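Observations on chain architecture
Chain residues, written in single-letter form:
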Amino acid sequence: MEEQLKALQEQMEQDAAAVGSTEELSAFWQKYLSKNGSVSGLMKGLRDVPPESRPVVGKAINQFKVQAEEVYQNLRARIEQAELENANRSEQIDITMPAVRRSTGALHPITITKNQMIDVFAGMGFEIFEGPEIEDDDHNFTRLNVAKNHPARDMQDTFYVAEDIVLRTHTSPGQIRVMDREKPPIKVLVPGRVFRSDSDATHSPMFHQMEGLVVDKGITLCDLQGMLDKFVQTIFSGDVKTRLRPSYFPFTEPSVEVDVSCFECGGKGCPLCKHTGWIEVLGGGVVHHKVLENCGIDPQVYSGIAFGIGVERIAMLKYGINNMGLLFENDLRFLKQFKD
């Protein structure tokens, strides 16, 4: 047993000298200190030692175990220190090198435009209301004076979810929901996404609208033009003027299309305004008396004005974008142009 201990001690010293990594340290521990290691084997071999010699041999085995554990701890500390120093060297930063440039994000042009539009009308006292994108036929059409057989339904190119459930074709259902829950005076702005089965350079199956509604005593079409004058002058230019042209919408009477004098050429005529000096931007009118009645508001006492603005339309005019698809392709080369 003494010869065996001496041989193990010499072997341990050789093995310890060869340990240079965490993997080799683990192998050292397995060989000498694990449950199946040399120290454990020596302990099991005590039963073969004569009883009178066991105390001496047991003491020698314990001394070897303590020595092996001490060698292991010293090796562990040395390797951990070496690995820490290697990590520090590899993670050192050369402060003379140029810094890594990280690009920052920016708001999407639709979001920028929408926020600017909301700011204008919020400054006029408008509250903000957001209705559901999936609407029932009653809110999207019927109570807006669009009957089941009304030809205006064909203009909407509607996506039907079920027989009487649609993806809203405009934000006008928000008018109904607001008038159902509030009594005049009402001054509300309804922004949101809308959906129509239409797609080309100036149309998208999904786009954004902003509906405005004012209901009170003595509201007239002049109030509409006054508000829209303020809006276009803030968004485009202080010299821009508006023009109202007769039109037709089932939920307003009279109805108008609203043009702005061309902010590119000052009304002289250019490709942007198709040489007319005017650009169409939105539609609106005086709220139809049947729409007020459908919401329990007496049209003999109150009147209202409503308008609907396409957010993409304003963004395209404001930033000179000639294809609506660019707003939805998420091409960073395009979007970076709108970074402040």
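Report on the accompanying structure. (Residues numbered from 1 in each chain as written. Predicted model: local features only at pLDDT ≥ 70, side-chain atom pairs only at ≥ 80, totals over all residues. Heavy atoms only, no water.)

Within the largest apolar cluster, 44 residues are counted, with the highest numbers of intra-cluster contacts made by Met117, Phe121, Phe126, Phe231, Phe307, Ile309 and Ile314. Those elements that provide at least two residues to this core are α5 (109-122), β6 (206-216), α9 (221-235), β8 (252-261), β9 (278-287), β10 (303-310), α11 (311-319) and α12 (332-335). Each residue touching Phe121, except ones within four places of it in the same chain, is listed here: Phe126, Leu189, Phe231, Phe307 and Ile309. Ranked by size, the runner-up nonpolar core spans 20 residues in total, among them Leu5, Leu8, Met12 and Ala16. (Core = buried A, V, L, I, M, F, W, Y, C linked by side-chain atoms within 4.5 Å. Buried < 20%, exposed > 50% of the residue type's maximum accessible area, 1.4 Å probe, protein only. Helix = DSSP H or I, 4+ residues; strand = E, 2+ residues; numbered from the N terminus. Contact = heavy atoms within 4.5 Å.)

Here we take up the packing of aromatic side chains. Overall, the coordinates contain 8 aromatic pairs when judged by the stated rule. Between Phe121 and Phe231, the ring centres sit 5.1 Å apart and the planes meet at 20°, which makes this aromatic pair stacked. Residue Phe121 is located in helix α5, and its partner Phe231 is located in helix α9; the two are separated by 110 residues in the primary sequence. For Phe231, a relative accessible area of 0% corresponds to the buried category. Taken together, a centroid distance of 6.1 Å and an interplanar angle of 10° make the contact between Phe249 and Phe251 stacked. With a relative accessible area of 13%, Phe251 lands in the buried category. What links up through ring pairs into an aromatic cluster is the set Phe121, Phe126, Phe231 and Phe307. (Phe/Tyr/Trp six-rings, centres within 6.5 Å; stacked < 30°, edge-to-face > 60°.)

Take Leu5: it is sitting in helix α1 (residues 2-18). With 293 residues separating them in the primary sequence, Leu5 and Asp298 have C-alpha atoms 108 Å apart. Beyond its immediate stretch of four places on either side in the chain, Leu5 contacts Leu42, Ala60, Ile61 and Phe64.

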